[in-house]
Every structure is written in structure tokens, then in C-alpha cells.
Amino acid sequence: MYSYDEFTEDLNLGHEIEFILNDTHFLISYNESGWYCIKENEEAQIKYESVEQLLNQVKIKGITLKSLWGNIIVSDVF
């Protein structure tokens, strides 16, 4: 099973990750401007300067990714 530690390690290596939470798809993406966590069908994007900032500040319904980890299904790492 893909662990939260593997998830953070992959992000720190520069990988982008798609995941599903409660039948909703999300993408953690990187470009030269910074990191983004994008919910499917949403245009609003918040830029994060680092993986650490993203992991500390992204909240889905007020809950951090780490706290939600048991409910997250990672669908792709690229």
C-alpha cells in the first residue's frame, strides 16, 4: 500500500500525483510558478511555494491531506 511517507517523498522528488477522495479527483501539480492542488472541474487554483507549504496548507473540507490519508486513493504518480 502506498504510504503517506512515500507520497511526500514522491512530491519532494518533483512527481505529480493524482488521487481520489470521496469519488472526487484531485491533481497535485508543479510548474515553474509553484505547486498546486487542483480539484476536478474547479478553476480556482492556489499556488504553494513548496511541497511542505502545500502539505501544511491544503485542506479538504477543513481537514489536511495527512489526516485524510486513510480515505485517499492514489490513482497515478508521474
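Residues numbered from 1 in each chain as written. Predicted model: local features only at pLDDT ≥ 70, side-chain atom pairs only at ≥ 80, totals over all residues. Heavy atoms only, no water.

Thoughts on the nonpolar core
Then comes step 1: Counting 20 residues, the largest nonpolar core has F7, L11, F19, I28, L54, L55 and L65 as the members making the most contacts within it.
Then comes step 2: Of all the secondary structure elements, the ones that give two or more residues to this core are helix 1 (4–12), strand 1 (17–21), strand 2 (24–31), strand 3 (34–39), helix 2 (51–57) and helix 3 (65–68).
Then comes step 3: Setting aside its immediate chain neighbours within four residues, L55 contacts Y4, F7, T8, L11 and L65. (Core = buried A, V, L, I, M, F, W, Y, C linked by side-chain atoms within 4.5 Å. Buried < 20%, exposed > 50% of the residue type's maximum accessible area, 1.4 Å probe, protein only. Helix = DSSP H or I, 4+ residues; strand = E, 2+ residues; numbered from the N terminus. Contact = heavy atoms within 4.5 Å.)

Description of the side chain of S29
Then comes step 1: With respect to the helices and strands, the residue S29 is situated in strand 2.
Then comes step 2: S29 gets classed as buried once you look at its relative accessible area, which sits at 15%.
Then comes step 3: Only 3.2 Å separates the side chain of S29 from the side chain of E16, close enough to count as a polar contact.
Then comes step 4: Setting aside its immediate chain neighbours within four residues, S29 contacts E16, G34, W35, Y36 and I38. (Polar contact = N/O pair within 3.5 Å; in protein donor to acceptor, adjacent residues only side chain to side chain.)

Observations regarding the sheet that holds strand 4 (residues 47–48)
Then comes step 1: Pairing is antiparallel in the open sheet, where 5 strands are placed in the order 4-3-2-1-7. Each end of this open sheet is capped by a strand with a single partner; those strands are strand 4 and strand 7 (72–77).
Then comes step 2: Across 5 bridges, strand 1 lies against strand 2 in antiparallel orientation. If you follow L21 over to strand 2, its bridge partner there is T24.
Then comes step 3: Relative to the sheet, helix 1 contacts strand 1, strand 2, strand 3 and strand 7, its axis offset from that of strand 1 by approximately 145 degrees. (Pairing = 2+ DSSP bridges. Axes fitted to C-alpha atoms, helices over the stretch in contact; angles between N-to-C directions.)

Observations concerning the pattern of salt bridges
Then comes step 1: Throughout the structure, instances matching the rule amount to 2 salt bridges.
Then comes step 2: Across the pair K39 and E42 runs a salt bridge whose closest N-O atoms are separated by 3.8 Å.
Then comes step 3: By relative accessible area, E42 is classed as partly exposed at 41%.
Then comes step 4: The closest approach of N and O atoms between E49 and K47, which form a salt bridge, is 3.4 Å.
Then comes step 5: Relative accessible area serves as the criterion here: at 39%, K47 is assigned to the partly exposed category. (Salt bridge = Lys/Arg side-chain N within 4 Å of Asp/Glu carboxyl O.)

Structural notes on the packing of aromatic side chains
Then comes step 1: As enumerated under the stated definition, the model contains 6 aromatic pairs in all.
Then comes step 2: Ring centres of Y2 and W69 lie 6.2 Å apart, and the angle between their planes is 40 degrees; on these two criteria the pair is classed as tilted. With Y2 in the segment before helix 1 and W69 in the loop between helix 3 and strand 7, this pair connects stretches of sequence that are 67 residues apart.
Then comes step 3: For Y2, a relative accessible area of 24% puts it in the partly exposed group.
Then comes step 4: The buried category is assigned to W69, whose relative accessible area is 11%.
Then comes step 5: Seen from their ring centres, Y4 and F7 are 5.7 Å apart, and the 45 degrees between their planes marks the pair as tilted. With a gap of 3 residues between them, Y4 and F7 both fall in helix 1, about one helical turn apart. As far as burial versus exposure is concerned, Y4 and F7 are alike and both buried.
Then comes step 6: An aromatic cluster of three or more residues is present, and its members are Y2, Y4, F7 and W69. (Phe/Tyr/Trp six-rings, centres within 6.5 Å; stacked < 30°, edge-to-face > 60°.)

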